[in-house]
Amino acid sequence: QVQLVESGGGLVQAGGSLRLSCTVSGRTFSSNTMGWFRQTPGKEREFVAALKWSATTTYSYYADSVKGRFTISRENAKNAVYLQMNSLKPEDTAVYYCAATWLILSVVTDTKGYHYWGQGTQVTVSS
């Protein structure tokens, strides 16, 4: 059973920073694409950032709304991915979800491509 466990959410003032973590546990699982999505009540889950990698290359992707403020990274030894969020805005308030798949996705922004999801962590940015 593969599990994704997120941590690091919380309440922060506008302009502040948070670092989300997502660790994959369970049976041996080698993910090749991991991503972060977010969702607010009444809206569809939206893409935030993703990493996909092969043996030699790593690619990162960002939604336009977070480009320049958020940074996605991974720690291979821990099978973990992180989302460093700086200059947070009230509109960043959402439940943030980690997602993973063993595939190297051609389209990283679509939720349908991911096979495993975390339980979500709340991020609230006050104005």
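Residues numbered from 1 in each chain as written. Predicted model: local features only at pLDDT ≥ 70, side-chain atom pairs only at ≥ 80, totals over all residues. Heavy atoms only, no water.

Caption draft 1: Spatial organisation of the overall build of the protein chain. A count of helical and extended segments in the protein chain gives zero helices and eleven strands. Tracing the protein chain from N to C terminus, the helices and strands come up as β-β-β-β-β-β-β-β-β-β-β. A globule of 127 residues ought to have a C-alpha radius of gyration of about 14 Å, and the protein chain, at 14 Å, matches this closely. In terms of overall dimensions, the protein chain has C-alpha extents of about 40 × 30 × 25 Å along its principal axes. Every one of the 127 residues in the protein chain was classed for burial, and the buried ones make up 44%. Pairs at least 24 apart in sequence give 57% of the contacts found in the protein chain among residues at least 6 apart. When the accessible area of the protein chain is evaluated, it comes to approximately 6,600 Å², of which 48% is carbon and sulfur surface. Separation of charge centres in the protein chain, based on 12 positive and 8 negative side chains, amounts to 5 Å. (Helix = DSSP H or I, 4+ residues; strand = E, 2+ residues; numbered from the N terminus. Rg over C-alpha atoms; globule rule 2.2 N^0.38 Å. Buried < 20%, exposed > 50% of the residue type's maximum accessible area, 1.4 Å probe, protein only. Contact = heavy atoms within 4.5 Å. Areas by Shrake-Rupley, 256 points an atom, 1.4 Å probe, with all protein chains shown as cover. Lys, Arg positive; Asp, Glu negative; His and termini not counted. Charge placed at Lys NZ, Arg CZ, Asp CG, Glu CD.)

Caption draft 2: Region of interest: the pairing of strand E1 (residues 3–7). Burial along E1 is one-sided: Leu4 and Glu6 are buried, and none of Gln3, Val5 and Ser7, which face the opposite way, are. Here E1 runs beside strand E3 (residues 18–25); their pairing, made up of five bridges, is antiparallel. The residue of E3 that forms the bridge with Leu4 is Val24. (Pairing = 2+ DSSP bridges.)

Caption draft 3: Region of the structure containing the sheet that holds strand E7 (residues 70–75). The antiparallel open sheet is built from four strands, whose spatial order is E1-E3-E8-E7. Of all strands in the sheet, those bounded by a partner on one side alone are E1 and E7. With direction set aside, neighbouring strand axes in the sheet form an average angle of 15°. One ladder, built from six bridges, connects E7 with strand E8 (residues 80–85); its direction is antiparallel. Paired with Ile72 across the bridge in E8 is Leu83. (Axes fitted to C-alpha atoms, helices over the stretch in contact; angles between N-to-C directions.)

Caption draft 4: Quick peek at the state of the cysteines. Under the defined criterion, the tally for this structure stands at one disulfide. For Cys22, the disulfide goes to Cys98, at an S-S distance of 2.0 Å. Looking down the S-S bond of the Cys22 and Cys98 bridge, the torsion is -80°, so its handedness is left-handed. Of this pair, Cys22 sits in strand E3 while Cys98 sits in strand E9 (residues 94–101), placing them 76 residues apart in sequence. You'll find Cys22 and Cys98 in the same group, each marked buried. (Disulfide = S-S within 2.5 Å.)

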